[in-house]
Amino acid sequence: MADPARARRLAVRIRQIVSATIETQIKDPRLGMVTITDARVTSDLREATVFYTVYGDATEIEDSARALASATGVLRSTVGKQTGIKFVPTLTFVADIVPDTARELEQALERVRHADAELARAREGAEYAGDADPYRKPAVETDEDDSEDDDAEVPAQADAGRTDDFADERPSAAAQRSAS
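Cut-offs used in this document
The residue numbers shown here count from 1 along each chain, following its written sequence. With the structure being a predicted model, the display of local features is reserved for residues of pLDDT at least 70 and the display and counting of side-chain atom pairs for 80 or more, all residues being used for whole-chain, interface and lining totals. Heavy atoms throughout the structure, all of them, feed into the side-chain values; hydrogens and water do not. Strands are labelled as partners when DSSP assigns at least two bridges between them. Comment: elements are numbered from the N terminus, with helices defined as DSSP H or I runs of at least four residues and strands as E runs of at least two. Between N-to-C directions, angles span 0 to 180 degrees; the directions come from axes that are lines fitted to C-alpha atoms, helices contributing only their stretch in contact. Every residue pair with non-hydrogen atoms within 4.5 Å of one another is taken to be in contact. Throughout this description, any angle smaller than 35 degrees is read as roughly parallel, any larger than 145 degrees as roughly antiparallel, any in the 65 to 115 degree range as roughly perpendicular, and the remainder as oblique. Crossings are classed by handedness, with left-handed meaning an anticlockwise turn of the near helix from the far one by less than a right angle and right-handed meaning a clockwise turn. Side-chain classes follow a simple rule in which Ala, Val, Leu, Ile, Met, Phe, Trp, Tyr, Cys and Pro form the nonpolar group, Asp, Glu, Lys and Arg form the charged group, and the remainder, Gly included, forms the polar group. Between the first and last residue of a helix there are one fewer steps than residues, each counted as 1.5 Å, and that sum is the expected span. Exposed residues in this analysis have more than 50% of their type's maximum accessible area, buried residues have under 20%, and partly exposed residues fall in between, with area computed by a 1.4 Å probe over protein chains only. The arc in question is the one traced by the directions running from the helix axis out to the C-beta atoms. By nonpolar core is meant a set of buried Ala, Val, Leu, Ile, Met, Phe, Trp, Tyr and Cys residues that side-chain atoms within 4.5 Å join together.

Draft legend 1. Up close: the sheet that holds strand 1 (residues 33-41). If you trace the three strands from one edge of the open sheet to the other, you get 1-2-3, paired in mixed fashion. Each having just a single partner strand, strand 1 and strand 3 (90-95) make up the two edges of the open sheet. Each strand axis lies, on average, 30° off the axis of its neighbour in the sheet, ignoring direction. In the sheet, strand 2 (residues 47-55) pairs with strand 3 via six bridges, with the strands oriented parallel. Pairing of Ala48 across the sheet is with Leu91, part of strand 3. In this fold helix 2 (residues 58-70) packs onto strand 1, strand 2 and strand 3, with an angle of close to 150° to the strand it touches most, strand 2.

Draft legend 2. Main features of the packing of helix 1 (residues 4-24) against helix 3 (residues 72-83). Running from N to C, helix 1 and helix 3 cross one another at 125°; their axes reach a closest spacing of 10 Å. Considered as vectors, helix 1 and helix 3 are oriented oblique to each other. Crossing geometry of helix 1 relative to helix 3 is assigned as right-handed. Each of Leu10, Arg13, Ile14, Ile17, Val18, Thr21 and Ile22 in helix 1 lies in contact with helix 3, whose residues at this interface are Leu75, Thr78, Val79, Gln82 and Thr83. The residue makeup of the contact of helix 1 with helix 3, split by class, is seven nonpolar, four polar and one charged.

Draft legend 3. How the structure looks around helix 1. Compared with an ideal rise of 1.5 Å per residue, which puts 21 residues at 30 Å, helix 1 spans 30 Å between its outermost C-alpha atoms and is within 8% of the ideal. When helix 1 is considered as a whole, its buried residues turn out to be Ala7, Leu10, Ala11, Ile14, Ile17, Val18, Thr21 and Ile22. Seen from one end, helix 1 has its buried residues packed into an arc of 140°, which puts them on one side. Counted as exposed and oriented over 90 degrees from the buried face of helix 1: Arg8, Arg9 and Glu23. Buried residues along helix 1 sit against strand 1, strand 2, helix 2, helix 3 and strand 3.

Draft legend 4. Main features of the nonpolar core. By size, the foremost hydrophobic cluster in this structure holds 26 residues, and its most contacted members are Ile14, Val18, Ile22, Val50, Leu75, Leu91 and Phe93. Elements supplying a minimum of two residues to this core: helix 1, strand 1, strand 2, helix 2, helix 3 and strand 3. Tallying contributions element by element places helix 1 first for this core, with seven residues. Phe93 has contacts with Val18, Val50, Tyr52, Leu68, Thr72 and Leu75, leaving out every residue within four places of it along the chain.

This is the structure in structure tokens:
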């Protein structure tokens, strides 16, 4: 096993060499606008995977894949000469799907933005079907005559130790903890 840092350095160097060689030495007419995006080398430095993208339609992508497959020997010998390593890794070319995935994500985000805008337009004149705040709240005691009637019905001992603003005969959790 080689050092992972050495494998990364070799992958970067292979990417540079393959990119320059395709630009200057490979004269295959099938080769379109190819961009080398990444290269990865296995930890034993025996195999290298080179990722590429092609600008164009499906036929140009297929033609470029065939051209890269036929130029693999030239590219591997050039990598061996320029790196000077004992065993030159075998090169495998793989079409990079990251740009396609990024394009699909951008289209999905654009659809979501349009849906959000439609929802915001529909929400502009809307009113609540019920109360604006549908959650129950504890009763608030007031200083009116009604509060005196409520105190008469509930014994004074039941409110002792209550901290939750409810007036029933159950002791609160704090009162239960202090009693035990």
